[in-house]
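One-letter residues, chain by chain:
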Amino acid sequence: MVALAWATPLASDTGRTHVIDEWKAILKVPPAQSPQAQAARKNVATGLVLALLGSIAFSGKAIIVKLAYRYGVDAVTLIMYRMLFALPIFAVMAWWASRGQPPLTRKDWLGVLGLGLTGYYLASFLDFAGLAYISASLERLILYLNPTLVVVLGWVLYRRSITWGQALGMLISYCGVVLVFGHEANLQGANAAWGTLLVFLSAVSYAIYLVYSGEMVRRLGSLRLVGLATSVACLLCLLQFVLLRPLSAAVVAPEVVWLSILNATLCTAAPVLMVMMAIERVGAGTTAQTGMVGPLSTILMGVWILGEPFTVWVAAGTALVLAGIFVFTQMARRQAP
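The shown structure was predicted, so the numbers you read here are calculated from the model rather than taken from an experiment.

Asker: Tell me about helix α7 (residues 146-158), and name the residues and values.
Answerer: Here α7 contains 13 residues, and its C-alpha end-to-end distance of 18 Å stays within 8% of the 18 Å for a straight helix at 1.5 Å per residue. Taken residue by residue, α7 has N146, T148, L149, V151, L153 and G154 as its buried positions. Immediately beyond the C-terminal end of α7, within one or two residues, lies R159, with a positive phi of roughly 60°.

In structure tokens, the structure reads:
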């Protein structure tokens, strides 16, 4: 009967449609999607790719810094070169986002200066300084604790509650960092402790930026605020070099200059734009979850490019940090209204 209904010209269009649907069900043919649905799926796929590439590009910063240190440059000079090449990019970003917008008030400028000081200048300099003493893998694991520091600051400053699930996630993740730190401390001694402290303070500084930037993001927009705050940080890094180093210190190996250009473009400006575009397409939550690839990519690049050892301690510590942050973010998402 099915074949007859399909072949005879007397069969109605409704009958043919019914038979076709039966065969589609038997062959498990997926239903045709509307152009709007196809465009939405493509948009989500693009967002995930952007989030993935942005996370990997951010993670490459530590690798480039460690490579540059091999040419005898110090943190003050290295971050000066990074910010020197990044300044035109962020200045253009700030100008572009400010078109047609009302001018900043005195309060806005003070906020931009404060956020640029804590979120980008201080956080970046402490991170660069810490990388002179610890591995890129440990540095990335410490910085990945940033969401937990934001919650702790919220509890300290605003008395916001911390759930038992969030506390459990924090405990797991911090145990992972302590595990990797203990392994490096056995190899490098006090240098590992000093480097870990510097990078942890860098994470705290950036957490302060995140806590206080919410109101300004709503008022100025994320792109405009990032462009202005990072431009302030670039100028502060240049001023720091002028005050602390003779101009002759700017004479460095050509490899340092090229690595700094790569750091300023591929690992600084490009991932900022990619992450922002990813958030527009898939949301902040999904983008943050995709960011879990960051520590893994840093470890892989550290082993492949820098020759850093990949031990069972690093593997176990990384697993604990990722598991703890996953638990932490899931509990925070359930608590959100």
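Asker: Give a description of the packing of aromatic side chains that names residues and reports values.
Answerer: Counting across every chain of the model gives five aromatic pairs. Centroid distance Y120 to Y209: 5.1 Å. Interplanar angle 65°. Geometry classified as edge-to-face. Remark: Y209 occurs in helix α9 (residues 190-220) and Y120 occurs in helix α5 (residues 106-130); sequence separation between them is 89 residues. Y209 matches Y120 in its accessibility class, with the two residues each being buried. By way of ring pairs, the aromatic residues Y120, Y206 and Y209 are connected into one cluster. One residue, R99, lies across the ring of W96, its end atom 3.6 Å from the ring centre.

Asker: Can you tell me about the packing of helix α8 (residues 164-188) against α9, naming the residues and giving the values?
Answerer: For the pair α8 and α9, interaxial distance at closest approach is 7 Å and the crossing angle is 145°. In this structure, α8 uses Y174, F181, E184, A185 and Q188 to contact α9, whose residues at the interface are A190, N191, A192, A193, T196 and F200. When grouped by side-chain class, the residues that make up the contact of α8 with α9 number seven nonpolar, three polar and one charged.

Basis of the calculations
Residues numbered from 1 in each chain as written. Predicted model: local features only at pLDDT ≥ 70, side-chain atom pairs only at ≥ 80, totals over all residues. Heavy atoms only, no water. Helix = DSSP H or I, 4+ residues; strand = E, 2+ residues; numbered from the N terminus. Expected span 1.5 Å × (residues − 1). Buried < 20%, exposed > 50% of the residue type's maximum accessible area, 1.4 Å probe, protein only. Phe/Tyr/Trp six-rings, centres within 6.5 Å; stacked < 30°, edge-to-face > 60°. Lys NZ or Arg CZ within 6 Å of the ring centre and 35° of its normal. Axes fitted to C-alpha atoms, helices over the stretch in contact; angles between N-to-C directions. Contact = heavy atoms within 4.5 Å. Nonpolar A, V, L, I, M, F, W, Y, C, P; charged D, E, K, R; others polar.

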